[in-house]
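Architecture and fold: a report
Here's the letter readout for the chains.
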Amino acid sequence: MILLTINNERREVDVPDDTPLLWVLRDHLGLTGTKFGCGIGSCGSCVVHLDGAAVNACITPVSAAVDKAVATIEGLNNDIARALRQAWIGVQVPQCGYCQSGQIMAAAALLVQHPQPTDEQITAAMDRVLCRCGTYNRVRRAIHRAARPTLEAT
Amino acid sequence: MARHIELDRRSFLKGVAVGGGLLVGLHLGLPTRAEGVAGTVVEPQSPFAPNAWIRIEPSGGIAFIVARSEMGQGVMTALPMLIAEELGVGLDQITVRFASAAPAYFNNLVGQQLTGGSTSVRDAWTKLREAGALARWLLVQVAAERWGVAADGCRVERGVVIHPDGGERFRFGQLATAAAAVPMPPGVFLKEPDEWTLIGTPAPRLDTPDKINGRARYGIDMRLTDMVVGSIERCPVFGGALKGFDAEGAKALPGVIAVLPVSAGVAVVAKGAYAALAGRKALRIEWDLGPNASLSSAELRRRFEQQFGQPGVSVRREGDPDAAWSRAARTLEAVYEVPFQAHACMEPMNCTADVRADGCDIYVPTQAQTRTQRMGMDITGLGEEQVRVHTTFLGGGFGRRGEVDFVRDAVELSKALRRPVQVVWTREDDIRHDFYRPAGLNRLRGGLDVDGLPILWKHHIVCPSIMSRVRPEAVVDGVDHTSVEGAANLPYAIPNIGVDYSLVDTPVPVGFWRAVGSSQNAWITECFLDELAAAGAQDPLALRRRLLAEQPRHLGVLEFAAAQAGWDTPCAAGRFRGIAVAESFGSFVAQVAEVSVTEGQVRVHRVTCAIDCGLVVNPDTVRAQMESCIVYGLTATLKGAITLAQGRVEQGNFHDFPLLRMSEMPDISVHIVPSAESPGGVGEPGLPPIAPAVCNAVFAATGEPVRSLPIRL
Ligand code: FES
Ligand code: FES
């Protein structure tokens, strides 16, 4: 049995230690908001937070999540998340939407680190998340808007 | 004032919905992109086959039920907007539901259901407005009769009919069931464009909230009781076959439930995806690699090249190109090469099937409900009413999800195991077993007169045909029109034009890729036009202006994009501009790209895009689609390609088939050219101009034309 803390809840799973966190979330815990895109850590569809840091769940063995706080898109409900979601709607970011969990999770981790990120900081944090629908410029705009809601509105 | 429109009675059906309320059914002309001839509309097989419904419930709920796929193009917002405008309700009052292939609202209704070819808004344009107006008319009749007043005097506002004196009101729900009994009117009034309050106004998409909180259900997110997950090892070589396999290693792994051969290869079925993937790695399979085991990209190129030695099938001939060739003051010849391209939808291919003795449910992100249903019927032997298709959200489509290979995987496995099975492809499966955009070779010949103006254009296209697999009867006299679209319809006024086509099929499966033929043909023709411009010492924009004098919509977007990009002002030091224009799917798009080239690296800084797609339903969706097309096209221009060695695709995941990332993004500005024409597509037309705009800018920067993609300097 492996004991995990996911979105502030204690969860137990019976899987081999090296099972990627992604599949534990999706197949064992029913948390399908975290997406599978590549399985090799190169698309960011599966970004979750481990103690607040953005990681690719597809290459994170579940054993690495023990004793850490795991947050997924379903559990992301703090002020930053609210600001991001509002900005995402305001800017109309998603198209197919498949990559968007990863985009929001990566953006949320960025805003904790840099509450008012520069363009360079946004690029550095978001370059890990691919979007085949090409929503990148809107992602950037929405992050700026979430960071400076009043400035953007003027 | 509103305009009276006669209703085509065959296009609408009304009745009382199951459970009460008003139901208006209509048939939207559906595109045949993946099954028929591009841009044409399939006639329903029966005289009347509704595939969309407006349902007004006694409770007041208003639903738009549509047999369509949503793959990021905003259909869920654009289509209800058309209804809401004429029905007299707010967009927020309509809920959208997807119908399965054969919904139970009526029983005589299975027509073709397919999304593709950018026609979603185009064909729906008139019909949905008429349907909205019809429902409103029926509801108002009932209210007017109850009040004993003339229907003309009643107003409608946000789903409420208001008495002429402004006092009494009926909510739609109170009128709905009675409205179903009102006889059909011969016609309805449609608003004039200046009366619209919704159409043409940016509307937030209705599906956005669920896509940012993890709740939107894509195919891969389906979870059914007792469901197991299958993953399939496929022969790496196209055309190979299974000889035998040893399942012992896989079966010994925890979680693995079954290992069995299926049409596509050897399936490992397990309790979860990870166990299934682990099982695949433990398989020992012997393949019969078949006749293509040594096939390479170089070999395919040789096969294509041989065709230049013989004449192709003529698809367009004007003037006398051969005589012009010998008469021209200057001639130019170039060979342009396009590689295979994968779709790489962000959501890997998947399908969930639940086959039982008496029925089959298929949950799938698909662009082709009808083909899905047929595949289900073929495998299970069940009837049309027993095979139900449930369309989930699609994590990208781009033409890939008009195929049904993944449906076959899931239905076969569920049938064999008698339980719900979800088949999940890995990214490697997806990249290596796609239906690729066709590779091809193109020989261009041009001639200039003494003033440096083009008098001759010859284009020999050599490439595989999509239709010869998808719909062989659509290949007429050796011509697959999807191979020549964007080339045969060259818009330029050049007196001598010859466009020829040689169909060369290869063992590599090809299919519809965003913008289809135009996606590569616009690149070829727009780049060669710049070569001619340079050879004749003409400015690329000035030459286009001159040759497009008779093409107002091409010219309109060209001028718009050029002005917005500041074509006539010098670029910043080290920056260069390129311009291109293309028509596809009924829309016209011009783009100006601004690039720099440093040590062989191309950087695209800015893209200015102008689109004329006729009347615009939701401007923000148009802008978003242009941005999306530009990024998709830039990936094919700058990043990767699918190549073959030893009969196999050499790429497998995003490390060797890279996609454009945020750090490589240009600034993009999109300008919608005001137009009163009927709506064109927006999901694809933004793609064709981007590759030539970028390559023409690189040509301006380096003096060397770019004749193969992706750009490698
Ligand atoms: S699925 Fe984890 S990075 Fe792509
Ligand atoms: S919105 Fe479709 S992949 Fe990003």
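Residues numbered from 1 in each chain as written. Chains lettered and ligands numbered in written order. Predicted model: local features only at pLDDT ≥ 70, side-chain atom pairs only at ≥ 80, totals over all residues. Heavy atoms only, no water.

1. Quick notes on the interface of chain B and chain A
On the side of chain A, 47 residues touch chain B, which itself brings 58 residues to the contact. The junction of chain B with chain A conceals about 4,300 Å² of combined surface from both sides, 57% of it contributed by carbon and sulfur atoms. The largest contributions to the chain B side of the interface with chain A come from B:Ile212, B:Met346 and B:Met662, which together make up 21% of the buried area. Along the contact surface separating chain B from chain A lie 5 salt bridges. (Contact = heavy atoms within 4.5 Å. Buried area = accessible area lost by both parts, 1.4 Å probe. Salt bridge = Lys/Arg side-chain N within 4 Å of Asp/Glu carboxyl O.)

2. Quick word on the packing of helix 2 (residues 79-91) of chain A against helix 3 (residues 100-113) of chain A
All names here are of chain A. Direction vectors running N to C along helix 2 and helix 3 enclose 130°, while the axes themselves pass 10 Å from each other. The orientation of helix 2 with respect to helix 3, classified from their angle, is oblique. Crossing geometry of helix 2 relative to helix 3 is assigned as right-handed. Contacts between helix 2 and helix 3 pair Ile80, Leu84 and Trp88 from the former with Gln100, Gln103, Ile104, Ala107, Ala108, Leu111 and Val112 from the latter. Residues that form the contact of helix 2 with helix 3 fall into these classes: 8 nonpolar, 2 polar and no charged. (Axes fitted to C-alpha atoms, helices over the stretch in contact; angles between N-to-C directions. Helix = DSSP H or I, 4+ residues; strand = E, 2+ residues; numbered from the N terminus. Parallel < 35°, antiparallel > 145°, perpendicular 65-115°, else oblique. Left-handed = near helix turned anticlockwise from the far one by under 90°. Nonpolar A, V, L, I, M, F, W, Y, C, P; charged D, E, K, R; others polar.)

3. Description of helix 14 (residues 516-535) of chain B
All names here are of chain B. The end-to-end C-alpha separation of helix 14 is 30 Å, in line with the 28 Å expected for 20 residues at 1.5 Å each. Among the 20 residues in helix 14, 18 count as buried, and that is most of the element. Taken from the residues just after helix 14, Ala537 is the one with a positive phi, measuring 55°. (Expected span 1.5 Å × (residues − 1). Buried < 20%, exposed > 50% of the residue type's maximum accessible area, 1.4 Å probe, protein only.)

4. Focus: the nonpolar core
Counting residues in each nonpolar core, the largest one holds 212 residues, and the members touching the most others are A:Trp88 and B:Val694. The element that contributes the greatest number of residues to this core is helix 17 (residues 619-639) of chain B, accounting for 9 residues. Discounting residues that sit within four places of it in the chain, B:Val694 has contacts with B:Ala593, B:Val595, B:Val602, B:Val604, B:Leu634, B:Thr637, B:Leu638 and B:Ile711. (Core = buried A, V, L, I, M, F, W, Y, C linked by side-chain atoms within 4.5 Å.)

5. Section: the sheet that holds strand 9 (residues 155-157) of chain B
All names here are of chain B. Sheet architecture is open: 3 strands sit in the order 9-10-11, paired in antiparallel fashion. Every interior strand has two partners, whereas the edge strands, strand 9 and strand 11 (169-171), have only one. Averaged over all pairs of adjacent strands, the angle between strand axes in this sheet comes to 25°, irrespective of strand direction. Sheet analysis places strand 10 (residues 160-162) next to strand 11, joined by 3 bridges and oriented antiparallel. From the neighbouring strand, Val160 faces strand 11, where its bridge partner is Arg171. Helix 3 (residues 172-179) contacts strand 9, strand 10 and strand 11 of the sheet and is inclined by roughly 70° relative to strand 11. (Pairing = 2+ DSSP bridges.)

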